[in-house]
Amino acid sequence: MSEAAKNLIIKGREVVEDDWQVLRLAEPVEGAPQIDPATVEVPAGKIIVPQSLWLVQRELLAARAAAGEIGVWIASDERPEAIKDDLSKFALIAVDFPKFTDGRGYSIAYNLRIRLGWTGELRAIGDVLRDQLFQMQRVGFNAYATRPDRSIHDALKGLSDFSETYQASVDQKLPLYRRHARTSGTAGAAANNDGAGI
């Protein structure tokens, strides 16, 4: 099977084959009736369903979730707190980036990790490009379904674009100034202050 035919993702820091499928509801068309998530049939296999669908089909999908076959994806305009009581049921959680410039998914990921305590796979899906990966890992993502029209192996290099970070985040709890050991200068500074301003 060619690389193009395989379903590949970045997981951790390597490119791997992926056996999950993302279930997307059809985009609403002006004048057409909205799709009711309660009426959508979830196909067999490992499926990442929209959060809106999970919320209305929770009881129907519970057994499949317990078997490790259901993940949930959160849209950029949704809040992860809506599924906070169900987090332990999911094999993975994905956050959708509808376009490269939409940064709301970073906040969703951060809140899942820091406020809601999610420790499992957190996957970025949608318009995911190399330039985003380093910052995505900073807020807690550990899997990436990059855009299929770009090289996933090139995107992997984005995780190591920078060798150091200044700010604290999910991946580094202390800012740089707290991690930097000060070995000189303190004695000299104290000597310079003796008698100053008298």
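For every chain, the first residue of the written sequence is number 1, and numbering continues from 1 onward in sequence order. Only residues with pLDDT of at least 70 are given local features in this predicted model, and only at 80 or more are side-chain atom pairs given and counted; all residues enter the totals for whole chains, interfaces and linings. Side-chain metrics in this entry use all non-hydrogen atoms of the structure; hydrogen atoms and water are not considered.

**Here we look at the environment of leucine 156**
Okay, step 1: The helix and strand labels rest on DSSP assignments: H or I over at least four residues marks a helix, E over at least two residues marks a strand, and numbering proceeds from the N terminus. With respect to the element layout, leucine 156 can be found in helix H4 (residues 152-156).
Okay, step 2: A sequence separation of 147 residues divides leucine 156 from isoleucine 9, and the C-alpha atoms of the two residues are 9.5 Å apart.
Okay, step 3: Beyond its immediate sequence surroundings of up to four residues, leucine 156 is in contact with Ile10, Arg13, Glu14 and Val15. For this analysis, residues touch if any pair of their heavy atoms sits within 4.5 Å.

**So, the confidence of the model for the chain**
Okay, step 1: Each residue carries a pLDDT value, the predictor's own confidence for that position, ranging from 0 to 100. Scored by pLDDT, the chain comes out at a mean of 84, with 75% of its residues at no less than 70.
Okay, step 2: Here residues 1-5 is a poorly scored stretch, pLDDT under 50, and it has 4 contacts once near neighbours within four places are set aside; other chains count.
Okay, step 3: Contacts for the low-pLDDT stretch residues 187-192, under 50 throughout, to residues beyond four places or in other chains number 0 contacts.

**Things to note about the pattern of salt bridges**
Okay, step 1: Between Lys or Arg on one side and Asp or Glu on the other, a salt bridge is scored when a side-chain nitrogen of the former is within 4 Å of a carboxyl oxygen of the latter. Considering all chains together, one arrives at 14 salt bridges under this definition.
Okay, step 2: Among the salt bridges present, the one from aspartate 86 reaches lysine 89, with a minimum N-O distance of 3.5 Å.
Okay, step 3: The salt bridge involving arginine 130 is made with aspartate 154; its shortest N-O contact spans 2.9 Å. A residue pair is termed long-range when its members are at least 10 positions apart, and arginine 130 in helix H3 (residues 130-138) and aspartate 154 in helix H4 qualify at 24 residues.
Okay, step 4: Among the charged side chains, a network of salt bridges with common partners joins Lys11, Asp18, Glu121 and Arg123.

**As for the side chain of glutamine 51**
Okay, step 1: Along the chain, the position of glutamine 51 falls in helix H1 (residues 51-66).
Okay, step 2: For each residue, the accessible area found with a 1.4 Å probe, counting protein chains only, is set against the maximum for its type, and the residue is called buried under 20%, exposed over 50%, and partly exposed in between. In this structure glutamine 51 comes out as buried when scored by relative accessible area, which is 3%.
Okay, step 3: A polar contact is formed between the side chain of glutamine 51 and the backbone oxygen of arginine 79, at a distance of 3.4 Å.
Okay, step 4: Setting aside its immediate chain neighbours within four residues, glutamine 51 contacts Val72, Trp73, Ile74, Glu78, Arg79, Pro80, Ala82 and Ile83. We define a polar contact as two N or O atoms separated by no more than 3.5 Å, with the added condition that, inside protein, one atom must be a possible hydrogen donor and the other a possible acceptor, whereas residues neighbouring each other in sequence contribute only through side-chain atom pairs.

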